[in-house]
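Structural overview for review
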Amino acid sequence: MTRIIDFPVQNNQRNHDYDGDIEDILASIPLRPREKLRFELIKTINGYDAYFTQWSLSFPESSDETVKKQIYDLAHQEHGRKIRMLKDIMLLKAKVLVSEFHRSK
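Residues numbered from 1 in each chain as written. Predicted model: local features only at pLDDT ≥ 70, side-chain atom pairs only at ≥ 80, totals over all residues. Heavy atoms only, no water.

Side note on a nonpolar patch on the surface
Taken together, the side chains of Trp-55, Leu-57, Phe-59 and Tyr-72 present a nonpolar region at the surface, about 360 Å² in accessible area. Mapping Leu-57 onto the fold places it in the loop between α2 (31-47) and α3 (65-104). (Patch = residues over 30% accessible without salt bridge, like charges linked within 9 Å, V, L, I, M, F, W, Y side chains within 5 Å. Areas by Shrake-Rupley, 256 points an atom, 1.4 Å probe, with all protein chains shown as cover. Salt bridge = Lys/Arg side-chain N within 4 Å of Asp/Glu carboxyl O. Helix = DSSP H or I, 4+ residues; strand = E, 2+ residues; numbered from the N terminus.)

Details of helix α1 (residues 18-26)
Because the α-helix completes a turn every 3.6 residues, residues three or four places apart line up on one side. Of the residues making up α1, those classed as buried are Tyr-18, Gly-20, Ile-22, Ile-25 and Leu-26. Packed against the buried residues of α1 are α2 and α3. (Buried < 20%, exposed > 50% of the residue type's maximum accessible area, 1.4 Å probe, protein only. Contact = heavy atoms within 4.5 Å.)

A closer look at the nonpolar core
Within the largest apolar cluster, 13 residues are counted, with the highest numbers of intra-cluster contacts made by Ile-22, Leu-26, Leu-37, Leu-41 and Val-98. Looking at this core, the elements with two or more residues in it are α1, α2 and α3. Here this core gets 6 residues from one element, more than from any other, and that element is α3. Contacts of Leu-37, omitting those with residues within four sequence positions, involve Leu-26, Ile-29, Leu-97 and Val-98. (Core = buried A, V, L, I, M, F, W, Y, C linked by side-chain atoms within 4.5 Å.)

Things to note about the pattern of salt bridges
Pairs can form between side chains of opposite charge whenever their charged atoms are close. Inspection of the entire model under this criterion finds 6 salt bridges. Put simply, Lys-68 and Glu-65 hold a salt bridge, and the shortest N to O gap is 3.9 Å. Pair noted here: Lys-68 and Glu-65 are both in helix α3, with a separation of 3 residues, about one helical turn. Between Arg-81 and Glu-78 there is a salt bridge, and its shortest N-O distance comes to 2.5 Å. One end of the pair, Arg-81, and the other, Glu-78, are both in helix α3, 3 residues apart, so they sit about a helical turn from each other. You can call Arg-81 partly exposed: its relative accessible area is 37%. By sharing partners, the salt bridges in this structure join Glu-23, Glu-35 and Arg-38 into a single network.

Section: the packing of α1 against α2
Close contact between α1 and α2 brings their axes to 11 Å; oriented N to C, the two are set at 135°. It follows from the interaxial angle that α1 and α2 lie oblique. As α1 runs across α2, the sense of the crossing is right-handed. Taken together, the residues of α2 that come into contact with α1 (itself represented by Ile-22, Glu-23 and Leu-26) are Arg-34, Leu-37, Arg-38 and Leu-41. Grouping the amino acids of the contact of α1 with α2 by side-chain chemistry returns 4 nonpolar, no polar and 3 charged. (Axes fitted to C-alpha atoms, helices over the stretch in contact; angles between N-to-C directions. Parallel < 35°, antiparallel > 145°, perpendicular 65-115°, else oblique. Left-handed = near helix turned anticlockwise from the far one by under 90°. Nonpolar A, V, L, I, M, F, W, Y, C, P; charged D, E, K, R; others polar.)

Shown next, in the form of structure tokens:
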């Protein structure tokens, strides 16, 4: 028997302050070099191009509005997961850049 599942599934990670975490990581770097590290973070984000920001949906021809809504909700949930993954990559990259900066000094 087919069962309709309510989406999106609640995710408690949505309220995480990634920007604040990145600022905390970069805080030990003087202002000018910090701006250069931010530029490197932007280059990292741009390097992933459309993987995290673009996607398409295909609906079966015979699907009704309920099925279309469920597919859309799943895609929206997946998009949110990808954005959180990108933000996690940014956090890790910020840690690496700060570590490399301190090692070079």
